[in-house]
Amino acid sequence: LNKEHKFIDKYKEQAREQRLAEGFVEKPYLPPPKKTSCQVNQLNQMLGIDRNPHVSLTRGRRVTNADPLLRHGVSADGEGRSAYLSQQGRVDPKERYGRQVTTAHEYGWTALATTKTYTTSPFAHRPLIKNDFYRPMGTRMCVSQSTGAL
């Protein structure tokens, strides 16, 4: 493995020297900017430096970039990771991928058009027992308080 790395480094050095000989000027390497830590994000939230991205969600607007949702707030309050995942779950596969990625997508890709016009059959099974006999308060409501009989 070390032999391969030495060869790669040697090849890169030869290519750089060839570019310099041809007159190309190299741009200095700039490392990518560091991302802010969660402590800095929390301080910015507490001091009010960063705007709350969840305000637009409460107004019913759709968020185009969900990354700020992930960095602001706590999941226990319905913000942070919780809001990010719920927002990403609302994006349908056509917007997410742009095309069918798996064979399972083939079924769902055209299903939206057919489910909009779907109506249940008049002979479909209906939960009669639950609607007619189910008591949300339990059976104690049917027992007479004075005699204890039904």
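Residues numbered from 1 in each chain as written. Predicted model: local features only at pLDDT ≥ 70, side-chain atom pairs only at ≥ 80, totals over all residues. Heavy atoms only, no water.

What is the right way to look at the overall build of the protein chain in this model?
Within the protein chain, the secondary structure is distributed over 9 helices and 0 strands. In sequence order, the secondary structure elements of the protein chain are arranged as α-α-α-α-α-α-α-α-α. When burial is assessed residue by residue, the protein chain has 10% of its 150 residues classed as buried. Pairs at least 24 residues apart make up 23% of the contacts formed inside the protein chain by residues separated by at least 6 positions. For the protein chain, the exposed surface amounts to about 14100 Å²; the carbon and sulfur share of it is 57%. (Helix = DSSP H or I, 4+ residues; strand = E, 2+ residues; numbered from the N terminus. Buried < 20%, exposed > 50% of the residue type's maximum accessible area, 1.4 Å probe, protein only. Contact = heavy atoms within 4.5 Å. Areas by Shrake-Rupley, 256 points an atom, 1.4 Å probe, with all protein chains shown as cover.)

Please clarify how the pattern of salt bridges should be interpreted in this entry.
It is possible for side chains bearing opposite charge to pair when their charged atoms get close. Applying the stated criterion to the full structure yields 1 salt bridge. For Glu13, the salt bridge is made with Arg16, and the minimal N-O distance between the two is 2.8 Å. In this pair, Glu13 and Arg16 both sit in helix α1 (residues 2–22), 3 residues apart, roughly one turn of the helix. Given a relative accessible area of 29%, Arg16 falls into the partly exposed group. (Salt bridge = Lys/Arg side-chain N within 4 Å of Asp/Glu carboxyl O.)

What am I meant to see in the side chain of Asn44 here?
For Asn44, the position within the fold is in helix α2 (residues 38–47). With a relative accessible area of 19%, Asn44 lands in the buried category. Not counting residues up to four positions away in its chain, the partners in contact with Asn44 are Ile49 and Asp50.

Help me out: how do you make sense of a nonpolar patch on the surface in this one?
Together, Leu43, Met46, Leu47 and Ile49 make up an exposed nonpolar region whose accessible area comes to about 480 Å². Mapped onto the fold, Met46 is located in helix α2. For Met46, a relative accessible area of 61% translates into the label exposed. (Patch = residues over 30% accessible without salt bridge, like charges linked within 9 Å, V, L, I, M, F, W, Y side chains within 5 Å.)

I keep staring at the confidence of the model for the protein chain and nothing clicks. Help me out?
Interpreting fine coordinate detail is not advised for predicted regions of low pLDDT. With 81% of its residues at a pLDDT of 70 or more, the protein chain shows a mean pLDDT of 79. Averaged over each element, pLDDT in the protein chain is lowest for helix α9 (residues 128–133) (61) and highest for α2 (90). (pLDDT = per-residue confidence, 0-100.)

Even after reading the chapter, I still don't get the environment of Pro93, so can you show me in this structure?
Tracing the chain through its elements places Pro93 in helix α6 (residues 93–97). Look at Pro93 and you get partly exposed, because its relative accessible area is 33%. Between the alpha carbons of Pro93 and His105 there is a distance of 8.0 Å; along the sequence they are 12 residues apart. In contact with Pro93, not counting residues within four places along its chain, are Gly98, His105 and Trp109.

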